[in-house]
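Chain by chain, the residues run as shown.
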Amino acid sequence: MSTVVAFHAHPDDEVILTGGTLARASAAGHRVVVVTATDGRMNNEEDDTRINELRVSTSILGAHRVECLGYADSGYGAVIYPDPPGRLRFARADVDEAAQRLAEILRAESADVLISYQNNGGYGHRDHVQVHHVGKRAAELAATPRVLEATMPRELLLQVGHRAHLLRLPAPYGPDIAHWIDVFRFARQQRDAFAAHCSQIASSGLSARAFELLLRLPTQAFGLLFPREWFIDPTLPAGTVRHDIFD
């Protein structure tokens with residue numbers, strides 16, 4: 001069996017673009033490791049809510065290990081706030097230093113696949129862009145064989161239209177998608193893992209009522225809304241299509 005390490009910016013990101021894929025990998029007997037760059041805290045408030053939610057979420061998805069590199073959330077918008085006392089915002093982290101920390105995990109796990117983000121970070125969040133750079137460098141340092149970049153097809157985003165930003169969906173990437181992963185069978189785990197991040201409902205841009213309705217959908221209905229997940233493999237030629245991240 002193989003090992004996948006999924007590197008994400010914040011707690012809850014592990015579900016949004018890769019939840020079904022991670023649940024599928026675990027169900028197939030592969031080892032699943034989730035690493036977040038930040039703990040989701042903007043400042044030094046003594047609140048482990050988001051890390052605790054991450055632990056619950058990853059447990060539902062079947063992850064075998066979860067780690068946090070401990071950086072502070074850099075926030076979204078034109079201004080990067082000063083670093084909290086004694087902590088560094090991830091966007092300001094030295095790429096090589098952060099990559100070395102991730103590479104240690106990749107080496108310890110003998111990772112076969114690293115999941116990261118596409119070069120624009122999906123929707124432009126500075127922490128997500130940094131995940132791309134740090135993940136790419138860490139894979140080089142650890143000699144990890146393959147790096148997949150989470151994304152979403154242009155056609156789907158055009159259907160979503162102006163609501164795309166509310167769901168934190170990535171910018172369209174086009175024809176370079178190499179992996180189309182069927183995750184319909186893991187809809188219950190996706191939905192329940194998503195629900196574990198209840199602290200994010202108020203700050204999501206969607207109303208609490210909309211979230212409640214989404215999370216109360218029957219499993220099959222939720223699965224029909226989110227039946228696939230998509231990844232770019234920079235090493236594969238355009239037009240290549242795979243249906244398993246270990247293929």
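In this text, all values refer to a predicted model and were calculated from it rather than measured experimentally.

Quick notes on the rules
Residues numbered from 1 in each chain as written. Predicted model: local features only at pLDDT ≥ 70, side-chain atom pairs only at ≥ 80, totals over all residues. Heavy atoms only, no water. Pairing = 2+ DSSP bridges. Helix = DSSP H or I, 4+ residues; strand = E, 2+ residues; numbered from the N terminus. Axes fitted to C-alpha atoms, helices over the stretch in contact; angles between N-to-C directions. Phe/Tyr/Trp six-rings, centres within 6.5 Å; stacked < 30°, edge-to-face > 60°. Buried < 20%, exposed > 50% of the residue type's maximum accessible area, 1.4 Å probe, protein only. Patch = residues over 30% accessible without salt bridge, like charges linked within 9 Å, V, L, I, M, F, W, Y side chains within 5 Å. Areas by Shrake-Rupley, 256 points an atom, 1.4 Å probe, with all protein chains shown as cover. Salt bridge = Lys/Arg side-chain N within 4 Å of Asp/Glu carboxyl O. Lys, Arg positive; Asp, Glu negative; His and termini not counted. Charge placed at Lys NZ, Arg CZ, Asp CG, Glu CD. Expected span 1.5 Å × (residues − 1). Contact = heavy atoms within 4.5 Å. Polar contact = N/O pair within 3.5 Å; in protein donor to acceptor, adjacent residues only side chain to side chain. Right-handed = clockwise from strand over helix to strand, strands pointing away. Core = buried A, V, L, I, M, F, W, Y, C linked by side-chain atoms within 4.5 Å.

A. Broad picture of the sheet that holds strand β5 (residues 146-151). The strand order β3-β2-β1-β4-β5-β7-β6 describes an open sheet built from seven strands, whose pairing is mixed. Of all strands in the sheet, those with a lone pairing partner are β3 (65-71) and β6 (177-182), marking the two edges. When the angles between neighbouring strand axes are averaged without regard to direction, this sheet yields 25°. Where β5 lies against strand β7 (residues 228-232), three bridges are found, and the strand directions are antiparallel. By the bridge assignment for β7, T151 is matched with W230.

B. Up close: the packing of aromatic side chains. This structure, assessed with the given rule, holds four aromatic pairs. Here Y71 and F90 contribute two aromatic rings whose centre-to-centre distance is 5.3 Å and whose plane-to-plane angle is 45°, an arrangement assigned as tilted. In this pair, Y71 is assigned in strand β3 and F90 in the loop between β3 and α4 (95-109), connecting sequence segments 19 residues apart. With relative accessibility at 6%, the residue Y71 sits in the buried group. Measuring from centroid to centroid gives 6.1 Å for W180 and W230, while their planes differ by 80°, and the two rings are edge-to-face. In this pair, W180 sits in strand β6 while W230 sits in strand β7, placing the two residues 50 residues apart along the sequence. The exposure class assigned to W180 is partly exposed, which follows from its relative accessible area of 30%. Judged by relative accessible area, which is 8%, W230 ranks as buried.

C. Structural detail: a negative patch on the surface. On the surface, a cluster of negative charge is contributed by E45, E46, D47 and D48. As for its position among the elements, D48 is in the loop between β2 (31-38) and α3 (49-61).

D. Structural view of α4. In this model, α4 (15 residues) spans 21 Å end to end at C-alpha, consistent with the 21 Å of a helix rising 1.5 Å per residue. Against β1 (3-8), β2, β3, β4 (113-117) and α5 (126-142) lie the buried residues of α4. Where α4 begins, the side chain of D94 points an oxygen toward the backbone nitrogen of D96, at a separation of 3.2 Å.

E. Examining the environment of R185 more closely. If you trace the backbone, R185 turns up in the loop between β6 and α7 (187-195). On a C-alpha basis, the gap between R185 and G223 in space is 7.3 Å, while along the polypeptide they are 38 residues apart.

F. Seen up close, the pairing of β3. Bridging between β2 and β3 involves five bridges; their strand directions are parallel. Its bridge partner lying in β3, V34 is registered against V66. The β-α-β motif built from β2, the intervening α3 and the parallel element β3 has right-handed crossover chirality.

G. Broad picture of the nonpolar core. Among the nonpolar cores identified, the biggest contains 43 residues, and F7, V35, F90, L106 and I115 are the most heavily contacted of them. Looking at which element gives the most residues to this core, the answer is α4, with six residues. Beyond its immediate chain neighbours, meaning those up to four positions away, I115 contacts V4, V5, A6, F7, T18, L22, L148, F231 and I245. V15, A23, F211 and L214 belong to the second-largest nonpolar core, a separate cluster that totals 11 residues.

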